[in-house]
Amino acid sequence: MFKNYLIFLIALFSSASFAQTTLHKDIDDRSLAIKSKVIKWRRDIHQNPELGNHETRTAKLIAAHLRSLGIEVQEQVAVTGVVGLLKGGHDGPTVALRADMDALPVTERNDLPFKSTKTTVYNGQEIGIMHACGHDTHVAILMGVAEVLAGMKGEIHGNVKFIFQPSEEGVFEEGVDSWGAKQMVEEGVMEGVDAIFGLHINSQTEVGKIKYRSGPAMAAVDNLKLTVNGRQAHGAYPWSSVDPIVTSAQIVNALQTIISRNVNITENPAIVTIGSIHGGVRQNIIPEKVEMLGTIRTYGTKQQSLIHKRIHEIATNTGEAAGANVDVVIDKIYPATINDSDLTEKMVPTLQLVAGAENLIYHDPITGAEDFSYFQMEAPGLFIFLGGMSKGEDPADVAAHHTPDFFIDESGLLLGVRALSYLTLDYMEMK
């Protein structure tokens, strides 16, 4: 009896393994067949970049492609977002896949046949528009995944939701405060989703490699504004003033003690950076006011609360000691991007299979931020990094993200299509 049961189990697992291997081969064949298409889409989107909430051309391209595949399409989600729903041939969970669509106000310097020459007016000056973070590759990859999986519809045990998100970088317009992922969640795109996967191209990781992390992977980001109100006076008579410049300098220095003396950095790193100081108009006039802007990066709500508290205490008390009044405004922008530990553990074998175990790298926490975190607050999520640096290059020598020389080796896009496709179907097979 036991022997028969054991034979049954072996046959069952062997059958499942064979089915999975067959699906993987089908994904590989279909992905390879559309590799040139994916690159063509990427180049087209790169040459026609659009800022947050203005991705109308990109959205039309996506919607038309999804409809051609027989996928249900919803447009104008969170202003310009597109959501597609592919219903598989069998019952099962719903997996969401996300790609962000927006570009940045950066003037491209790369000498490419598909270089962006588009411009906009930002902060009162004309500047270029460029996909300087790789969102063009994300869109092209997910369009490719949609074509691959739509062709396998009858074999899919569940549904796939394709989320093409606007304004991950924010909206570059005065008076507009709209963040794509948050607004998409508020409009219900995560309803019924069991798990979500996303990726980000990385210009300083070699093509063919994938980086991942369990738990906190990217930081929460908060915007900081400090306004130091003093008393104006002639620069020759400083005793008549309450000097907001000297007070601001003391505040900037004191804020650095938060990380060095208040945060247990052995548990989680954190950052408090002042990136902008404005005050005064002339060398011999002590101004009435100084404004400072900064960013805060943290990995947990407890740590975040501690840092916010200390910023208020240091800024206001330092100001009071100088006779100045300090206004502190902290706006929470993105929560931390936290990869679900159970989901990550389950999907590691898939990542090893698709990239090769030697090409899967466990990365340290990243102090950059991603609004993919809003999706992860609604369902277990895994966010990975895809290599986009040419083989043999030194990461220290290649251009970083958000810079005019940012460059992606397109030979890495095929792995992105395969990775998201593998993750989707393997997750469904596990459920």
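Only a predicted model underlies this, so the values are computations on that prediction, with no experimental measurement involved. (Residues numbered from 1 in each chain as written. Predicted model: local features only at pLDDT ≥ 70, side-chain atom pairs only at ≥ 80, totals over all residues. Heavy atoms only, no water.)

Visitor: When you look at the overall build of the protein in this model, what are you seeing that I'm missing?
Guide: Along its length, the protein carries 10 helices and 18 strands. With the C-alpha coordinates aligned to their principal axes, the bounding extent of the protein is approximately 95 × 55 × 45 Å. Looking at the protein as a whole, 51% of its 431 residues qualify as buried. The contacts of the protein with a sequence gap of at least 6 include a subset with a gap of at least 24, amounting to 81%. (Helix = DSSP H or I, 4+ residues; strand = E, 2+ residues; numbered from the N terminus. Buried < 20%, exposed > 50% of the residue type's maximum accessible area, 1.4 Å probe, protein only. Contact = heavy atoms within 4.5 Å.)

Visitor: When you look at unusual backbone geometry in this model, what are you seeing that I'm missing?
Guide: Backbone phi values are negative for most residues with the exception of glycine, while trans is the configuration of most peptide bonds. Even without being glycine, N53 reaches a positive phi, approximately 70°. In this structure, N53 sits in the loop between α2 (35-47) and α3 (56-68). Residue classification places N53 among the buried positions, given a relative accessible area of 12%.

Visitor: What's the story with the sheet that holds strand β2 (residues 81-87) in this structure? I'm lost.
Guide: Paired through backbone hydrogen bonds, the strands of a sheet run either parallel or antiparallel to each other. Judged by pairing direction, the sheet is mixed, and its 8 strands sit side by side in the order β1-β2-β6-β3-β7-β18-β8-β17 without closing on themselves. Unpaired on one side and paired on the other, β1 (72-77) and β17 (360-362) mark the two borders of the sheet. Adjacent strand axes in the sheet meet at a mean angle of 25°, parallel and antiparallel pairs treated alike. Where strand β8 (residues 210-212) meets strand β18 (residues 381-389), 2 bridges bridge the pair, whose relative direction is antiparallel. (Pairing = 2+ DSSP bridges. Axes fitted to C-alpha atoms, helices over the stretch in contact; angles between N-to-C directions.)

Visitor: How should I be thinking about the packing of aromatic side chains in this particular structure?
Guide: The geometry of an aromatic ring pair comes down to the distance between the two centres and the angle between the two planes. In this structure the tally under the stated criterion is 7 aromatic pairs. With a centroid separation of 5.1 Å and an interplanar angle of 80°, the aromatic rings of Y212 and Y362 are classed as edge-to-face. Of this pair, Y212 sits in strand β8 while Y362 sits in strand β17, placing them 150 residues apart in sequence. Judged by its relative accessible area of 13%, Y212 falls in the buried class. (Phe/Tyr/Trp six-rings, centres within 6.5 Å; stacked < 30°, edge-to-face > 60°.)

Visitor: Where do I start with the side chain of T227 in this structure?
Guide: Checked against the element boundaries, T227 lands in strand β10 (residues 220-229). The buried category is assigned to T227, whose relative accessible area is 11%. Among residues more than four places away in sequence, those in contact with T227 are K289, V290, E291, N325, V326 and D327.

Visitor: Just to check I follow, could you spell out the pairing of strand β7 (residues 195-206) for this structure?
Guide: The two faces of the sheet receive side chains in turn, since in a regular strand these alternate between them. Counting buried residues in β7 gives 10 out of 12 residues, a clear majority hidden from the surface. Note: strand β3 (residues 90-100) against β7, 4 bridges, orientation parallel. Across the sheet, the residue bridging to L97 is F197, located in β7. Note: β7 against β18, 8 bridges, orientation parallel. Looking at β18, one finds that L199 is bridged to I384.

Visitor: How should I be thinking about the environment of A33 in this particular structure?
Guide: Tracing the sequence through the fold places A33 in helix α1 (residues 2-33). In sequence terms A33 and V148 are 115 residues apart; their C-alpha atoms lie 9.4 Å from each other.

Visitor: Help me understand helix α10 (residues 413-430), please; the structure alone is not making it clear to me.
Guide: For an α-helix the count is 3.6 residues per turn, leaving residues at separations of three or four pointing the same way. The terminal C-alpha atoms of α10, which comprises 18 residues, lie 26 Å apart, in line with the 26 Å expected from a rise of 1.5 Å per residue. With 16 of 18 residues buried, α10 is to be regarded as a mostly interior element. (Expected span 1.5 Å × (residues − 1).)

Visitor: Honestly, the sheet that holds strand β14 (residues 289-298) in this entry has me stumped. Any pointers?
Guide: Taken in spatial order, the 4 strands of this open sheet run β12-β14-β10-β15, and their pairing is antiparallel. Each having just a single partner strand, β12 (271-279) and β15 (325-334) make up the two edges of the open sheet. Here the strands of the sheet are splayed against their neighbours by 20° on average, with no regard to which way each runs. Pairing of β12 with β14, which is carried by 8 bridges, proceeds in the antiparallel orientation. Note that in β14 the partner of H278 across the bridge is E291. Docked against the sheet, helix α6 (residues 244-262) engages β10, β12, β14 and β15, running at close to 170° with respect to β12. Sitting on the sheet, helix α7 (residues 301-322) is in contact with β10, β12, β14 and β15, with an inclination near 160° to β15.

Visitor: I tried to follow the environment of A321 on my own but got confused; where do I start?
Guide: The residue A321 is located in helix α7 in this model. Classification of A321 as exposed rests on a relative accessible area of 71%. Sequence separation between A321 and P349 is 28 residues; the distance between their C-alpha atoms is 58 Å.

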